[in-house]
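These are the residues of each chain, in order.
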Amino acid sequence: MGEYKVVKYTSQFYNEWNQFVEESKNATFLFHRDFMEYHIDRFQDFSLLIFKNEKLVSILPANKLDDNVFSHNGLSYGGFVLSKKVSFSDTLNAFQAMLNFLKDFGVKTLSLKLLPKIYNKLPSDEIDYILFKLNAQLFRRDITTTIDQTVQLNLKSSNRLRNLNKAIAKGIVVKEAKDFNDFWNLILTPNLKAKYGVSPVHSLDEIELLKNKFPNNIKQFNAYIDGSIVAGVTVFETKNVAHAQYISKDNKKVSEGGLDIIFDFLINKAYQDKKFFDFGISNEKEGRFVNGGLQAWKESFGGRSVSHDFYKINVDNCYLLDNVFL
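Residues numbered from 1 in each chain as written. Predicted model: local features only at pLDDT ≥ 70, side-chain atom pairs only at ≥ 80, totals over all residues. Heavy atoms only, no water.

K.L.:
Tell me about the overall build of the chain, residues and numbers included.
P.N.:
Secondary structure summary: the chain contains 9 helices and 17 strands in total. At 21 Å, the chain has a C-alpha radius of gyration in line with the 20 Å of a compact globule built from 326 residues. Judged by the C-alpha coordinates and their principal axes, the chain covers about 65 × 40 × 35 Å. Taken across its 326 residues, the chain has 54% of its residues classed as buried. Accessible surface, the chain: about 15800 Å² in total, of which carbon and sulfur atoms supply 49%. Side chains of the chain give 42 positive and 38 negative charges; the mean places of these two sets differ by 5 Å. (Helix = DSSP H or I, 4+ residues; strand = E, 2+ residues; numbered from the N terminus. Rg over C-alpha atoms; globule rule 2.2 N^0.38 Å. Buried < 20%, exposed > 50% of the residue type's maximum accessible area, 1.4 Å probe, protein only. Areas by Shrake-Rupley, 256 points an atom, 1.4 Å probe, with all protein chains shown as cover. Lys, Arg positive; Asp, Glu negative; His and termini not counted. Charge placed at Lys NZ, Arg CZ, Asp CG, Glu CD.)

Following this line, the structure appears as structure tokens:
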């Protein structure tokens with residue numbers, strides 16, 4: 001079985017943590033410490049490293065609130081991150097060691113916001129089985145709309161193609177922007193304020209900071225007519241997935257087709273070799289409802305649903321992993 005040791009993350013593990021994220025089978029740049037810590041003042045970090053015989057086999061990006069641990073409230077997704085070489089047995093033992101550590105620390109529940117499977121570099125369903133054995137509660141399920149670039153749907157007669165042709169006729173052009181100022185200040189923030197009374201999750205300063213830290217992963221694409229911005233999409237790029245993090249357009253009539261021409265460029269040119277193009281979730285009220293209009297719009301590009309699951313584990317149930325093997 002080996003000896004398993006669980007330790008809380010401190011800055012002394014910065015390089016080891018980030019190297020593990022880079023080489024793991026189920027992680028993205030969102031788990032890099034530079035991304036996790038851009039808003040460190042908002043969360044009590046409770047990230048964990050799990051070692052087997054002094055070798056790092058898994059990590060848990062996490063924060064703590066009272067006697068509950070979350071993976072991770074400041075990220076789009078979380079989960080139990082695994083080495084590419086880790087076996088099922090090691091995963092089981094590492095997970096149980098982590099739960100025992102949490103129990104000894106007085107933690108009552110662990111909430112896992114799982115990484116959607118499209119992001120996995122290798123099969124990683126060991127966690128699904130462990131959650132089943134622990135009687136974990138599925139308390140939320142979102143659906144994200146994703147195009148499998150190897151099986152694109154024929155959309156020649158759709159509204160998308162008609163709007164694309166309108167955009168081309170108007171002379172709307174798509175460019176990768178050097179900064180986020182125009183999109184944040186002229187399109188995204190005003191639209192969110194007017195429609196929902198909220199601001200973007202990332203402030204302009206924060207997205208600029210993250211872009212500087214991750215220039216190959218965070219990109220901004222805008223549509224322009226006569227040099228003026230009419231629409232924009234912020235993309236978070238990982239190994240398998242190009243994810244549309246922010247999508248917004250000017251609501252004037254002249255802007256019609258602006259998003260269509262951007263997505264045509266992203267799907268068929270910029271990211272045509274990426275395995276998946278993901279539009280993000282259309283859920284509201286903790287996953288209980290779907291914004292039907294938004295979902296249908298994303299599907300009209302050829303996207304189909306991928307689940308994004310949230311589980312809650314009673315830490316006291318760690319004993320249920322004692323007898324898994326016959």
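K.L.:
Tell me about the packing of helix α3 (residues 88–104) against helix α4 (residues 126–133), and please be specific about residues and values.
P.N.:
The interhelical angle for the contact between α3 and α4, taken along N-to-C directions, is 50°, at an axis separation of 10 Å. Taken together, the axes of α3 and α4 lie oblique to each other. The chirality of how α3 crosses α4 is right-handed. For the pair α3 and α4, contact is made by Phe88, Thr91, Leu92 and Phe95 and by Glu126, Ile127, Tyr129 and Ile130, respectively. Tallied by class, residues from the contact of α3 with α4 come to 6 nonpolar, 1 polar and 1 charged. (Axes fitted to C-alpha atoms, helices over the stretch in contact; angles between N-to-C directions. Parallel < 35°, antiparallel > 145°, perpendicular 65-115°, else oblique. Left-handed = near helix turned anticlockwise from the far one by under 90°. Contact = heavy atoms within 4.5 Å. Nonpolar A, V, L, I, M, F, W, Y, C, P; charged D, E, K, R; others polar.)

K.L.:
Would you mind going over the nonpolar core in detail, with residue names and values included?
P.N.:
As a rule of thumb, soluble globular proteins bury nonpolar side chains together. Membership of the largest hydrophobic core comes to 41 residues, with the highest contact counts inside it found for Leu30, Phe31, Phe35, Leu49, Ile59, Trp184 and Ile218. Sort the elements by how many residues they give to this core and helix α6 (residues 181–196) lands first, with 5 residues. Phe31 has contacts with Trp17, Val21, Asn26, Met36, Pro61, Leu75, Tyr77, Gly78 and Val81, leaving out every residue within four places of it along the chain. By size, the runner-up hydrophobic cluster in this structure holds 35 residues, among which are Leu60, Phe80, Ala94 and Leu99. (Core = buried A, V, L, I, M, F, W, Y, C linked by side-chain atoms within 4.5 Å.)

K.L.:
Talk me through the environment of Ile262; I want residue IDs and the actual numbers.
P.N.:
Structurally, Ile262 is set in helix α8 (residues 258–270). The spatial distance from the C-alpha of Ile262 to the C-alpha of Lys175 is 8.6 Å, given a sequence separation of 87 residues. Those residues within four positions of Ile262 in sequence are excluded, and the remaining contacts are Val174, Phe221, Asn222, Ala223, Ala231, Gly232 and Val233.

K.L.:
For the sheet that holds strand β9 (residues 137–148), give the residues involved together with the corresponding values.
P.N.:
On the basis of which strands lie adjacent, the open sheet formed by 11 strands has the order β2-β5-β6-β8-β17-β9-β14-β13-β12-β11-β10 and mixed pairing. Edge strands, defined here as strands with exactly one partner in the open sheet, are β2 (44–45) and β10 (173–177). As paired strands, β9 and strand β14 (residues 276–281) are joined by 4 bridges and run antiparallel to one another. Paired with Asp148 across the strands is Phe276, a residue of β14. Most of the contacts of α8 go to strand β12 (residues 228–237), to which it runs at about 35°, and overall it touches β9, β10, β11 (218–225), β12, β13 (241–249) and β14. (Pairing = 2+ DSSP bridges.)

K.L.:
Account for the side chain of Asn120, with residues named and values stated.
P.N.:
Tracing the backbone shows Asn120 in the loop between β8 (109–113) and α4. Other than its neighbours up to four places away in sequence, Asn120 contacts Lys25, Asn26, Leu115 and Asn240.

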